[in-house]
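Here's the letter readout for the chains.
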Amino acid sequence: MKRSLAAAAIAVLTGASGAAMAGDAGTTTIHGEMFTDFSWLDQQQNGRDTSPSGLGFDVKRFYFGAQHIFDDVWSVNITTDFTYDRDEGATQVYVKKAYVEADLSPAAVFRAGSAAMPWIPFVESIEGYRYIDEVLIDRLGFGDSYDWGLHLGGTTAGAFSYQAALVNGGGYKNPSRGDGMDVAARVSYEPVDGLTFALGAYNGHRAMDLAGAPANHTATRYTALAAYVTDRFRIGAEYFRANNWNNVTTPATDSADGYSIFASLSVSRGMSVFGRYDHADLSNNLVPSLADRYYNAGFAWQLRQHIDLALFYKYESRSSSERDLETREVGVAAKIKF
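**A look at the layout of surface pockets**
Taken as a whole, the second largest pocket spans an internal volume of roughly 180 Å³. Phe142, Asn246, Ala256, Leu282 and Ser283 are the residues nearest the centre of the second largest pocket, which is lined by 15 residues in total. Elements represented by at least two residues in the lining of the second largest pocket include exactly strand 13 (233-243) and strand 14 (255-268).

**What to know about the side chain of Thr28**
With respect to the helices and strands, Thr28 occurs in strand 2 (residues 26-45). Look at Thr28 and you get buried, because its relative accessible area is 2%.

**Focus on empty space enclosed by the protein**
Inspection of the entire model under this criterion finds two cavities of 30 Å³ or more. As a volume, the largest cavity reaches approximately 80 Å³. If you trace the largest cavity, you find 14 residues lining it, with Met117, Asp144, Ala184, Tyr202 and Arg221 closest to the centre. Listed by contribution, the elements that provide at least two residues to the lining of the largest cavity are strand 10 (182-189), strand 11 (195-204) and strand 12 (219-229). Broken down by element, the residue count for the lining of the largest cavity peaks at three residues, all from strand 11. In terms of residue class, the lining of the largest cavity is built from nine nonpolar, three polar and two charged. Within this model, the second largest cavity holds a volume of roughly 40 Å³. If you go around the second largest cavity, the residues you meet are Glu127, Tyr129, Phe262, Ala263, Phe274, Gly275, Arg276 and Asn296. Considering every element that reaches the lining of the second largest cavity, the biggest residue donor is strand 15 (residues 271-281), with three residues. Looking at the lining of the second largest cavity residue by residue, the class counts come to four nonpolar, two polar and two charged.

**Concerning the pairing of strand 18 (residues 324-337)**
Here is the key point about a regular strand: its side chains alternate between the two faces of the sheet. Taken together, the 13 bridges between strand 2 and strand 18 define a ladder with antiparallel strand orientation. Considered in strand 18, the bridge of Phe38 is made with Val332. Remark: four residues form the turn of the hairpin made by strand 17 (residues 307-319) and strand 18, two consecutive strands paired antiparallel.

**Digging into the environment of Phe38**
Mapping Phe38 onto the fold places it in strand 2. For Phe38, a relative accessible area of 47% corresponds to the partly exposed category. As for Phe38 and Tyr239, which are separated by 201 residues in sequence, their C-alpha atoms are 31 Å apart. Each residue touching Phe38, except ones within four places of it in the same chain, is listed here: Leu55, Gly56, Phe57, Gly331 and Val332.

**Here's the deal with the nonpolar core**
If you look at the biggest cluster of nonpolar residues, it comprises 27 residues, and the most contacted ones within it are Ile137, Leu140, Phe142, Leu225 and Phe240. If you list the elements that add at least two residues to this core, you get helix 2 (120-127), helix 3 (136-140), strand 9 (160-167), strand 11, strand 12, strand 13 and strand 14. Here the element with the most residues in this core is helix 2; it accounts for four residues. Other than its neighbours up to four places away in sequence, Ile137 contacts Trp119, Ile120, Phe142, Gly143, Arg221, Thr223, Glu238 and Phe240. Judged by nonpolar contacts, the second largest core, of ten residues, contains Phe35, Tyr129, Ala300 and Ala310.

**Description of a nonpolar patch on the surface**
Taken together, the side chains of Val192, Tyr228, Phe233, Ile235, Leu265, Val267, Met271 and Val273 make up a nonpolar region of the molecular surface, amounting to roughly 610 Å² of accessible area. If you list the elements that add at least two residues to the nonpolar patch, you get strand 13, strand 14 and strand 15. The class for Val192 is partly exposed, based on a relative accessible area of 45%.

**A word on the pattern of salt bridges**
Inspection of the entire model under this criterion finds 15 salt bridges. Across the salt bridge formed by Glu316 and Arg139, the nearest N and O atoms sit 3.0 Å from each other. Remark: Arg139 occurs in helix 3 and Glu316 occurs in strand 17; sequence separation between them is 177 residues. The partly exposed category is assigned to Glu316, whose relative accessible area is 21%. Residue class for Arg139 comes out buried when judged on its relative accessible area of 14%. Each of the salt bridges in this network shares a partner with another, and the network as a whole consists of Glu127, Arg139, Arg276, Asp278, Asp292, Glu316 and Arg318.

Reading the values: rules and limits
Sequence order sets the numbering: in each chain, residues are counted from 1 along the sequence as written. Note on the predicted model: pLDDT of at least 70 is required for a residue's local features to be given, and 80 or more for side-chain atom pairs to be given and counted; whole-chain, interface and lining totals, by contrast, use all residues. The basis for every side-chain value is the complete set of heavy atoms in the structure, and neither hydrogens nor water enter the calculation. A cavity, in this analysis, means grid points on a 1 Å lattice covering only the protein atoms where a 1.4 Å probe fits yet has no way out; a pocket is instead an open set bounded by protein on both sides within 12 Å along at least five of seven lines, and a residue lines either one if it has an atom within 4 Å of a point. Grid points are joined across faces, edges and corners, and a volume is the space filled by probe spheres set on the points. Secondary structure elements are defined from DSSP: runs of H or I of at least 4 residues count as helices, runs of E of at least 2 residues count as strands, and each element is numbered from the N terminus. Only protein chains enter the calculation, and the probe is 1.4 Å; a residue is then buried if its accessible area is under 20% of its type maximum, exposed if over 50%, and partly exposed in between. The nonpolar class holds Ala, Val, Leu, Ile, Met, Phe, Trp, Tyr, Cys and Pro. Asp, Glu, Lys and Arg form the charged class, and all remaining residues, Gly among them, are polar. Any two strands between which DSSP finds at least two bridges are classified as paired. Any two residues having at least one pair of non-hydrogen atoms within 4.5 Å are treated as being in contact. Residue types Ala, Val, Leu, Ile, Met, Phe, Trp, Tyr and Cys, when buried and joined through side-chain atoms within 4.5 Å, form a set referred to as a nonpolar core. A patch consists of residues exposed above 30% relative accessible area that lack any salt bridge, with like charges linked at up to 9 Å and nonpolar side chains (Val, Leu, Ile, Met, Phe, Trp, Tyr) linked at up to 5 Å. Residue-level accessible areas treat just the shown protein chains as cover; the underlying method is Shrake-Rupley with a 1.4 Å probe. Here, a salt bridge means any side-chain nitrogen of Lys or Arg that lies within 4 Å of a carboxyl oxygen of Asp or Glu.

Take a look at the structure:
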């Protein structure tokens, strides 16, 4: 193990990326992925320009990590997440993945640590354009993509897959614990190649049930997805309903629900057009007029393996009876993997 980690460190210092290094204790691979864009953004609140309007270059995400495979069953993975925090006005680096994995069979893959949650990464893999924007519940803040805890998933009988997680509930950026742990799960069924139906659920206190400050409510979320993906096109729809997601510690109760419709079509080898529409009611009880409407559209092409570019347009309106926030963005986005 020490010899393999030393080899990994040498590879980072010498610029050897994506290379597998064999040793007595297994194989170590360095990996990374970057989401970036150059765009013009126009944001208006109640008809007046507001920050962050303007022309600029963003590195929205930069993941860098290493995986060490001991044998056919055991492995470890650590991946960092570089992002810009507008609230802090500075870049931040988090540990996104940090887990040990036991691949016992296709039906039983166990992970302990910070690992993928059952819903958001699953939808990302089907929607296919994460580098343009987050999927519905991730974009709106009604879920976490990774969290700290125990994770179990797999595929059974070819057509069925599942994933379950017992987690702290605060997301990968917040490994603190509450008085109990949250539960998340997903089941999916693929009756024919490419056609997927999935249901998901979440229940817990999101690491907010603390000793001396108990939670007032339990956060729940229910999700559903139907999609059809082929080499030529993909089309799908996602739905969610969340109860008390942002009201675990407040006296009042609230709920939210929304849906997303997405599609893309390959127009030639390595080139495709894509589009998506989201609508959500964010506060059914407390602020019934508060709604979010979002859409994107664009043209994507693959320059070469692991390098994707997209010309995109995005629009979001978050409005209520007292406030109206509109954001328009046009530019070029890129996804680079190694």
